[in-house]
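In case you want the letters, here they are:
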Amino acid sequence: MKSNKLINKIFAPLIALCMIGAFSSFATAGEGEESLFTRLGGTYNIAITVDHLVDKLYTNSGLNANPNIKAVHDQIHTKAGFKVMLTNWVVARTGGPKIYQPDEFGRGKNMKDTHPHLKITDREFDIIMTECLQTFYYFNVPDYEISQLMADLQSFRNDIVTVNDPNYKSPYRIVK
């Protein structure tokens, strides 16, 4: 019982990070524009994309160099549930049915409150962004939708990154 609570405490924040990172975008469409959910092809297309992305995140050696992230990824039996939760979140976030709901295990908190213990760096955030971008290209997501997805992911950087390396220069961060 204790190990399940520990797994949930570790796993829930990573779910939130990846859910935000993988497919987050503006759920509201512009005037006359279909929702992002519709433009992405709905639940089945989102689910297969999430499946591919989560497999890549779990095996990424750059992410797994962080012992806090590795502890989550080492709990392989949680991967299927993570894929379901992430798919549900993406569906809801992109303008589809609101099927992602917070649960008794603590999933569904805001990004700022769920990530501090993972000690995520800008570099690790960029690794996730890169895996997302490669996944979008793999599934031939159109450029306009990619730009929305990536911009929205970037908007969560300050909520998710808790360890700053002043020597690291993100290729995604635009300095003005």
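Above this text is the structure in question.
All figures in this text were calculated on a predicted structure; none of them were measured in a lab.

Reading guide: rules and limits
Per chain, residue numbering runs from 1 following the sequence as it is written. Reporting in this predicted model follows two pLDDT cut-offs: at least 70 for local features of residues, and 80 or more for side-chain atom pairs to be given and counted; totals over whole chains, interfaces and linings ignore these cut-offs and use all residues. Neither water nor hydrogens contribute to the side-chain values; these are computed over all heavy atoms in the structure. Going along the chain from the N terminus, every DSSP run of H or I of four or more residues is numbered as a helix, and every run of E of two or more is numbered as a strand. Any residue under 20% of the maximum accessible area for its type is buried, any over 50% is exposed, and the rest in between are partly exposed; the area is computed with a 1.4 Å probe on protein chains only. When checking whether two residues touch, look at their non-hydrogen atoms; a contact exists if any pair is within 4.5 Å. Only the protein chains shown count as cover for residues, and the accessible areas themselves come from Shrake-Rupley with a 1.4 Å probe. The span one expects for a helix is its residue count, reduced by one, times 1.5 Å. Remark: nonpolar core denotes a set of buried residues (Ala, Val, Leu, Ile, Met, Phe, Trp, Tyr, Cys) joined through side-chain atoms within 4.5 Å.

Novice: Before we move on, could you go through the overall build of the chain and cite the residues and values that matter?
Specialist: When helices and strands are counted, the chain shows ten helices and zero strands. For the chain, the sequential pattern of α-helices and β-strands runs α-α-α-α-α-α-α-α-α-α. Relative to its 176 residues, the chain shows a buried fraction of 48%. If you take every contact in the chain between residues at least 6 apart in sequence, the share linking residues at least 24 apart comes to 79%. When the accessible surface of the chain is summed, it comes to about 9300 Å², and 56% of that surface belongs to carbon and sulfur atoms.

Novice: How would you sum up helix 6 (residues 79-93)? Please name residues and give values.
Specialist: Between the first and last C-alpha of helix 6 there are 21 Å, a value that for 15 residues agrees with the 21 Å anticipated at 1.5 Å per step. The buried count for helix 6 comes to eleven of 15 residues, which makes it a mostly enclosed element. Regarding helix 6, the residues found buried are Lys-79, Phe-82, Lys-83, Met-85, Leu-86, Thr-87, Asn-88, Trp-89, Val-90, Val-91 and Ala-92. Gly-95 lies just past helix 6 and shows a positive phi near 105°.

Novice: Tell me about the nonpolar core, residues and numbers included.
Specialist: Note on soluble globular proteins: their nonpolar side chains tend to be buried together. Judged by nonpolar contacts, the single largest core of 38 residues is most densely connected at Ile-46 and Phe-136. The set of elements that each furnish at least two residues to this core consists of helix 2 (36-39), helix 3 (42-59), helix 5 (67-73), helix 6, helix 8 (122-138) and helix 9 (143-154). With residues up to four places along the chain from it excluded, the contact list for Ile-46 reads Phe-37, Leu-40, Thr-87, Val-90, Val-91 and Thr-94.

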